[in-house]
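# Structural features, examined
Given next are the chains, with one letter for each unit.
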Amino acid sequence: MEPYQDLKGQEPAWCPGCGNFAIREALIKAIKALGLAPRDFVIVSGIGQGAKMPHYLKCNTFNGLHGRSLPVATGLKVANHDLWVIAEAGDGDIYGEGGNHLIHTMRRNPNITLLVHNNQIYGLTKGQASPTSVPELSSKTQPFGVLSETLNPLALAVAMNASFVARGFAGDVEGLKDLMIQAIQHKGFSLLDILQPCVTFNKVNTYSWYRERVYYTKDHDPYDRTKAFEKALEWGEKIPLGVIYKSKRPCFEDRIPVLSKGPLVQQGFDLKGVVAEIFK
Amino acid sequence: MDISIRIGGEAGQGIQSIGELLLKIFSHMGFWLFSHQDYMSRVRGGNNFYQVRIADRPVHSSREKIELLLALNQETARLWEKDLTPDGLMLLEGSLSPMETSGRALQVPFTSLAKEAGAAIYANTVATGSLLGMLGFPIEGLSEVVKSGFLKKGEAVAEQNWKAFELGYLYAKRECLTCAFHIAPPAYSKRKILSGNQAIAWGAILSGVKFYSAYPMTPSTGILNHLAANAMRFGIVVEQAEDEISAINMVLGASFGGVRAMTGSSGGGFALMVEGLSLAAMTETPIVIAEVQRPGPATGLPTRTEQGDLLFVLFTGHGEFPRVCFAPGDPEQAIYLTNKAFDMAERFQIPCFIISDQYLADSTWSIKEIEWDRIVYKDYRIKNADSNYLRHKITPDGVSPLAIPGFIEGTVVTDSDEHDEEGHIIESASIRKQMVEKRLYKKLPHIRKEISPPAYYGPKVPKVVLVGWGSTLGVLLDVTEDLNKDIPTGLIHFTELWPFPEIRGTKAWEAIERAELKVGVENNASGQFAWLMKAETGIALDKLILRYDGRPFYSDQLREELNGTLSRP
């Protein structure tokens, strides 16, 4: 019998061999391990192949616009901080279109988890360079290669003092599942960048390219910001996986005085009381 | 009695505090007030003014002609002396000089009197007292009112300000030999005053708003400030977003999460929200948006007024979907219409707009008592549903049950892609067709039924009708009243603009049928509403009076312009 049948949604329309299948499997396992039922959590996503994830699971879903998953997730979390909120996005989605929202969500530090399906290319629009594409990648739109500097999401997050920064690899479902569990359990904003081969368009960063390079960090202190920045900059011969950086910061919802009375959605509204308060 | 006072000076000189103190004093006395602000987009320098109109009957607009001019700098004296009425007088610091020496100015040593009271910083309080002295008002019983604004700086400071106020008052009363004003306070009780921005915020509070997110943009920022100031009192989370795109998406997230949510901006900021507007429509997520207009295109005139975004708000957003747009004419209407916008947004799961502008946003009115029984609050969300719940279920009226995620057995799923009843992405032609029909055709007739026709003010058989919408209500009411002395004139004023109201069979329709001349008045360059009205009803207006210099209409000036229009065949 297929395990976790109850969490599966529609049949995915991804290419055979796509790294997204492994991300989906890891996510289902993580949600199971955390004991979450479909009604307990919401996946908010943008647009892209990775952003289709919530349709392929059974969960509350807000599949919004390209780049805009984090503001929706933040508003949702403010409305009901009892819900577990996970945002899923691709590299073009969140590092390109939604870059400004990413920066400011790291500042706010709401208790939400961002899973980035980082395949270093645009899949849905068929093979253009993304902010994380390497310079040697050429495409129909970038015939001379990528002329802009590659965006380093982990270094950006460490610089922003994001409260949880990690990298996973779609080629290791068990390791990815463990990182997802840590990210979801972390209280505050957690960024999990997931290296994900795109078998159709990205002929540079393939499964074997990654397998030759990735390794899990050992004896790394994620609370040491300087060391974390060094780890975040490591890319090339060796690519580190695991929790790169953590900082102890209060989360956004805990800092909003109005929310100390409980989830906003449960605070109710009494028109007569409001009128009385106005006349007080 | 009907007196206009203009306080002019540089940004940073305290014009606004003087204006607000005057409003406080006169509303305490029971007068009807109207004030508006004319300010430049700068924090220091330039030339700004705050104008207060004080009357013993309701007034709804500003006049260009003024009885008193308080000039805090030389530039003000030079610019505005021409606007004084024949009996008008200027008040200025002893060191400044009036342009003419016709005895039309009273010079008061504000600074030295302020020092006598305790500190030079009280000069503006001296000036305010001098204005009262020139008007010949008795000031007994005003000490608490004057002091109240200074109490946060301590009892001693408040007391010294009252002293400064009295010194200014006595000096002006004694020295102003040409002051012809002798006005007694009316026998009314204290009145409340409210600005357009405050009224929209109160409308939202009374509708149960729980989340407001916006990016600061003049002239809409007052709503953000007012809600933030009241956040703890009414349990509202207010978040300044990193940009307007984020603001509207946060609002959508909060609304999806089960709370009433709103955003606001001016034209340029709202332009950034447009993809989010379309998302609200596709996901059928209720939201309320305040669009507080300023003159465009682009940055335009940031602190000035215009009714130039009407057609933009009505027709922007990719794809076809229903929306509701209201344009209140004064703060009372702003309260009721904001409340109605929240109700309709949630009932029909659509975006609803309040269209305002700088003139309405920053002007203050004396308001009548709020009719609390007109405030509607009905919670349309469901908290119980089984695991077969369908977020976008097709129903006879197009409205699907609106569940809160986490509260029901099943899951709540929605998508910006075209989706099935459950909310999942589809490409089926037949489901697409059903969903368009659900969102648009099925809901629209029910939405239309809720839209009220325009108000009609005036005689049953008018010779002239004026047609306006939104913030021009006050000035049009004052002008209509004035014109009726000479010629039977009616006013048709629209506040519920979209879907366009059915006007056939209404009082407005009868007036239009009978009038010999129909004149549209709009604060824009192209007569956007006249175009809309013709497109929706076939009625063409005979003349248009348009103002597009970034300034509001003044009643006396509009009256003159209408005289010209009426005298030409």
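For every chain, the first residue of its written sequence is number 1, and the numbers climb from 1 along that sequence. Here chains are named by letter from A upward and ligands by number from 1 upward, in the order in which they appear as written. Two thresholds apply to this predicted model, a pLDDT of at least 70 for residue-level local features and 80 or more for giving and counting side-chain atom pairs, whereas whole-chain, interface and lining totals are computed over all residues.

## A look at the overall build of chain A
Selection criterion: Strands here are runs of E lasting at least two residues and helices are runs of H or I lasting at least four, both read from the DSSP assignment and numbered beginning at the N terminus. Here the globule rule reads 2.2 Å times residues to the power 0.38, and the radius of gyration is calculated from C-alpha atoms. Using C-beta atoms placed from the backbone, we call a residue buried if 20 or more other C-beta atoms fall within 10 Å of its own, exposed if 12 or fewer do, and partly exposed for counts in between. Contacts here follow a simple rule: the backbone-placed C-beta atoms of the two residues must lie within 7 Å.
In terms of helices and strands, chain A carries 10 helices and 8 strands. Taking 2.2 N^0.38 as the reference for a compact globule, 280 residues should give roughly 19 Å; the C-alpha atoms of chain A span a radius of gyration of 19 Å, in line with that estimate. Based on the C-alpha atoms only, the size of chain A along its principal axes is roughly 70 × 45 × 40 Å. In chain A, which comprises 280 residues, the share counted as buried stands at 52%. Of all intrachain contacts in chain A linking residues separated by at least 6 positions in sequence, the fraction that spans at least 24 positions is 69%.

## Details of the interface of chain B and chain A
Under the convention used in this document: Side-chain classes follow a simple rule in which Ala, Val, Leu, Ile, Met, Phe, Trp, Tyr, Cys and Pro form the nonpolar group, Asp, Glu, Lys and Arg form the charged group, and the remainder, Gly included, forms the polar group. Paired strands, as defined in this entry, are two strands with at least two bridges between them according to DSSP.
Facing 49 residues of chain B, the contacting portion of chain A comprises 42 residues. Secondary structure elements with two or more residues in the side of chain B that touches chain A: α7 (196–206), β8 (209–214), α9 (231–234), α10 (244–256), α11 (267–283) and β17 (413–415) of chain B. Looking at the side of chain B that touches chain A, the element that brings in the most residues is α10 of chain B, giving 9 residues. Classifying every residue of the side of chain B that touches chain A gives 26 nonpolar, 15 polar and 8 charged. Note that strand β2 (residues 60–63) of chain A and β17 of chain B share 3 bridges and pair parallel. Counted as the bridge partner of N63 of chain A is D415 of chain B from β17 of chain B.

## Considering the sheet that holds β2 of chain A
Each strand in a sheet pairs with another by means of backbone hydrogen bonds, the pair being arranged parallel or else antiparallel. Test applied: For helices, the axis comes from a line fit to the C-alpha atoms of the stretch in contact; other axes are also lines fit to C-alpha atoms, and the angle between any two N-to-C directions lies between 0 and 180 degrees.
With mixed pairing, 9 strands are arranged side by side in an open sheet as β7(A)-β8(A)-β5(A)-β6(A)-β4(A)-β3(A)-β1(A)-β2(A)-β17(B). Of all the strands in the sheet, the pair left with one neighbour each is β7 (214–216) of chain A together with β17 of chain B. Here the average twist between neighbouring strands, direction ignored, is 20°. Set on the sheet, helix α2 (residues 69–79) of chain A makes contact with β1 (41–45), β2, β3 (84–90) and β4 (112–118) of chain A; between it and β3 of chain A the angle comes to about 175°.

## Here's the deal with the packing of α2 of chain A against α10 of chain B
Threshold: Orientation is classified from the angle alone, with under 35 degrees giving roughly parallel, over 145 giving roughly antiparallel, 65 to 115 giving roughly perpendicular, and any other angle giving oblique. Crossings are classed by handedness, with left-handed meaning an anticlockwise turn of the near helix from the far one by less than a right angle and right-handed meaning a clockwise turn.
At their nearest, the axes of α2 of chain A and α10 of chain B sit 6 Å apart, and the two run at 40° to each other. The angle between α2 of chain A and α10 of chain B falls in the class oblique. At the point where α2 of chain A passes α10 of chain B, the crossing takes the right-handed sense. Contacts between α2 of chain A and α10 of chain B involve P71, V72, A73, T74, G75, L76, V78 and A79 of chain A from the former and S246, N249, M250, V251, L252, G253, A254 and F256 of chain B from the latter. Residue composition of the contact of α2 of chain A with α10 of chain B, by class: 11 nonpolar, 5 polar and no charged.

## Quick notes on the environment of H493 of chain B
Residue and element names in this part refer to chain B. By the secondary structure assignment, H493 is in strand β20 (residues 489–494). C-alpha of H493 to C-alpha of L477: the two residues are 16 residues apart in sequence and 9.3 Å apart in space. Once you skip the residues sitting within four places of it in the chain, H493 turns out to touch G329, P454, A455, G468, W469, L473 and L476.

## Here we look at unusual backbone geometry
Of note, the bond from G296 of chain B into P297 of chain B is cis; its omega dihedral lies within 30 degrees of zero at -5°. Residue P499 of chain B follows W498 of chain B across a cis peptide bond; omega there is -5°. The phi torsion at N109 of chain A lies on the positive side, around 65°, for a residue other than glycine. The residue N109 of chain A is located in the loop between α4 (99–108) and β4 in this model. Even without glycine at this site, N161 of chain A takes up a positive phi of about 60°. Tracing the backbone shows N161 of chain A in the loop between α5 (153–159) and β5 (164–169).

## Here we look at the sheet that holds strand β18 (residues 455–457) of chain B
Residue and element names in this part refer to chain B. Reading across from one edge, β18-β20-β19-β22-β23 is the order of the 5 strands in this open sheet, with mixed pairing throughout. Two strands in the sheet have a free side with no partner beyond their single neighbour: β18 and β23 (543–546). Looking at each pair of strands side by side, their axes are set apart by 20° on average, direction ignored. The pairing of strand β19 (residues 464–469) with β20 spans 6 bridges and is classified as parallel. Residue pairing across strands places V467 opposite I492, the latter belonging to β20. Sitting on the sheet, helix α19 (residues 528–537) touches β19, β22 (517–522) and β23, and the angle it makes with β22 is about 130°. Lying on the sheet, helix α20 (residues 555–567) is in contact with β19, β22 and β23; it crosses β23 at an angle near 160°.

## Quick notes on the pairing of β22 of chain B
Looking down a regular strand, the side chains alternate between one sheet face and the other. Residue and element names in this part refer to chain B. Put simply, the test is: We call a crossover right-handed when, viewed with the strands running away from us, the connection from the first strand over the helix to the second turns clockwise.
β22 sits mainly inside the fold: 5 of its 6 residues count as buried. Across 4 bridges, β19 lies against β22 in parallel orientation. Residue pairing for β22: L466 is matched across the bridge by V519. Here β22 runs beside β23; their pairing, made up of 4 bridges, is parallel. Bridging from a neighbouring strand, G520 pairs with L544 of β23. Between the parallel pair β22 and β23, the chain is carried across by α19, and the sense of this crossover is right-handed.

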